[in-house]
Amino acid sequence: WKNSRRLLLDIALLFRRRTEGFHKEFLPPVKWRVTMDGFIVLIKHLINGLQVGSIYALVDLGYTMVYGIVKLINFAHGDFIMVGAYISLMCIPFMISAGVPVWLCMVTAAAVCALLGVVTERVAYKPLRNSPRITALITAIAVSLLLQNLFMLLFGSASKPYPEVFSTQQVG
């Protein structure tokens, strides 16, 4: 034990000696200068981080609620969110051309997702309430794969941009 401890200390000291001046030789000195452009970029990153974090929090809240009530890890949870995104993607052009407010598109997507969730629960999960947990888990994975592959067949696998709803004119 004493020899192995001494060997580890020798290796640590040797590594420290070899890497001691590394940052001075190979990395140029950094001069920090705060500019207004850098500050604006920081604010944009903070806002983007809050937006993405809010989406993650909503998804996590959904997972927690489903597991707390049904004791099922619903692997199709994210796929229901995908369905809502595609429904809103399809509804936006129709809503704009009909002169209907665009926010109704989100209500439509939420209603379709709720309906799909109820149908999935009645068809896939409710018959398995008294079965072993692994059966419900496999069913959740199957529902996830079904939704993913169905939407890949319908829309393709390439990413789709949302249509421009608001004008992008700069203020000021």
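Visitor: Help me understand the layout of surface pockets in this model?
Guide: Any empty space left between the atoms is revealed when a probe the size of a water molecule rolls over them. Its boundaries defined by the atoms lining it, the largest pocket holds a volume of some 440 Å³. Lining the largest pocket we find 22 residues, and of these Asn74, His77, Phe80, Cys113 and Gly117 sit closest to its centre. When residues of the lining of the largest pocket are traced back to their parent elements, those giving at least two are helix 3 (36–70), helix 4 (77–98) and helix 5 (103–125). Ranked by residue count, the leading element in the lining of the largest pocket is helix 5, at 10 residues.

Visitor: Looking at this structure, how should I read the pattern of salt bridges?
Guide: It is possible for side chains of opposite charge to pair when their charged atoms get near one another. Overall, the coordinates contain 2 salt bridges when judged by the stated rule. Between Arg122 and Glu121 there is a salt bridge; the shortest N-O distance is 3.3 Å. Its salt-bridge partner being Glu121, residue Arg129 comes within 2.5 Å of it at the nearest N-O pair. Owing to a relative accessible area of 44%, Arg129 belongs among the partly exposed residues under this scheme. Salt bridges linked by common partners bring Glu121, Arg122 and Arg129 together as one network.

Visitor: Help me understand the packing of helix 4 against helix 6 (residues 133–155) in this model?
Guide: Packed helix pairs are specified by the crossing angle of their axes together with the interaxial distance, meaning the distance between the axes. Here helix 4 crosses helix 6 at 25 degrees, and the two axes come no closer than 9 Å. Relative to helix 6, the element helix 4 is oriented roughly parallel. When the axes of helix 4 and helix 6 are compared, the crossing they make is left-handed. In contact with Asp79, Phe80, Met82, Val83, Tyr86 and Met90 of helix 4, helix 6 contributes Ser144, Leu147, Gln148, Phe151 and Phe155. Residue composition of the contact of helix 4 with helix 6, by class: 8 nonpolar, 2 polar and 1 charged.

Visitor: Sorry if this is basic, but what is going on with a nonpolar patch on the surface here?
Guide: On the surface, Phe39, Leu42, Ile43, Leu46 and Ile47 cluster together into a nonpolar patch covering about 440 Å² of accessible area. Of note, Leu46 is situated in helix 3.

Visitor: Please clarify how the side chain of Glu121 should be interpreted in this entry.
Guide: Relative to the assigned elements, Glu121 resides in helix 5. Polar contacts involving the side chain of Glu121 include one to the side chain of Arg122, which spans 3.3 Å. Residues contacting Glu121, with those up to four places away along its chain left out, are Lys126, Pro127 and Arg129.

Visitor: I tried to follow the packing of helix 5 against helix 6 on my own but got confused; where do I start?
Guide: At a minimum axis separation of 11 Å, helix 5 and helix 6 run at an interaxial angle of 135 degrees. When the axis of helix 5 is compared with that of helix 6, the two are oblique. The chirality of how helix 5 crosses helix 6 is right-handed. The segment helix 5 lies against helix 6, with Leu116, Thr120, Ala124 and Tyr125 engaging Thr139, Ala140, Val143 and Leu147. Tallied by class, residues from the contact of helix 5 with helix 6 come to 6 nonpolar, 2 polar and no charged.

Visitor: Whenever I open this one, the nonpolar core confuses me. Can you help?
Guide: Nonpolar side chains in soluble globular proteins tend to end up buried together. The biggest cluster of nonpolar side chains holds 20 residues, and the ones touching the most others in it are Val83, Tyr125 and Val143. Breaking this core down by element, the ones donating at least two residues are helix 4, helix 5 and helix 6. Here this core takes 8 residues from helix 4, the largest share from any one element. With residues up to four places along the chain from it excluded, the contact list for Tyr125 reads Leu72, Asn74, Ala76, Thr120, Thr139, Ala140 and Val143.

Parameters and conventions
Residues numbered from 1 in each chain as written. Predicted model: local features only at pLDDT ≥ 70, side-chain atom pairs only at ≥ 80, totals over all residues. Heavy atoms only, no water. 1 Å grid on protein atoms, 1.4 Å probe; cavity = no way out; pocket = protein on both sides within 12 Å on 5 of 7 lines; lining within 4 Å. Points joined across faces, edges and corners; volume = space filled by probe spheres on them. Helix = DSSP H or I, 4+ residues; strand = E, 2+ residues; numbered from the N terminus. Salt bridge = Lys/Arg side-chain N within 4 Å of Asp/Glu carboxyl O. Buried < 20%, exposed > 50% of the residue type's maximum accessible area, 1.4 Å probe, protein only. Axes fitted to C-alpha atoms, helices over the stretch in contact; angles between N-to-C directions. Parallel < 35°, antiparallel > 145°, perpendicular 65-115°, else oblique. Left-handed = near helix turned anticlockwise from the far one by under 90°. Contact = heavy atoms within 4.5 Å. Nonpolar A, V, L, I, M, F, W, Y, C, P; charged D, E, K, R; others polar. Patch = residues over 30% accessible without salt bridge, like charges linked within 9 Å, V, L, I, M, F, W, Y side chains within 5 Å. Areas by Shrake-Rupley, 256 points an atom, 1.4 Å probe, with all protein chains shown as cover. Polar contact = N/O pair within 3.5 Å; in protein donor to acceptor, adjacent residues only side chain to side chain. Core = buried A, V, L, I, M, F, W, Y, C linked by side-chain atoms within 4.5 Å.

Any functional reading would require information that these geometric values do not contain.
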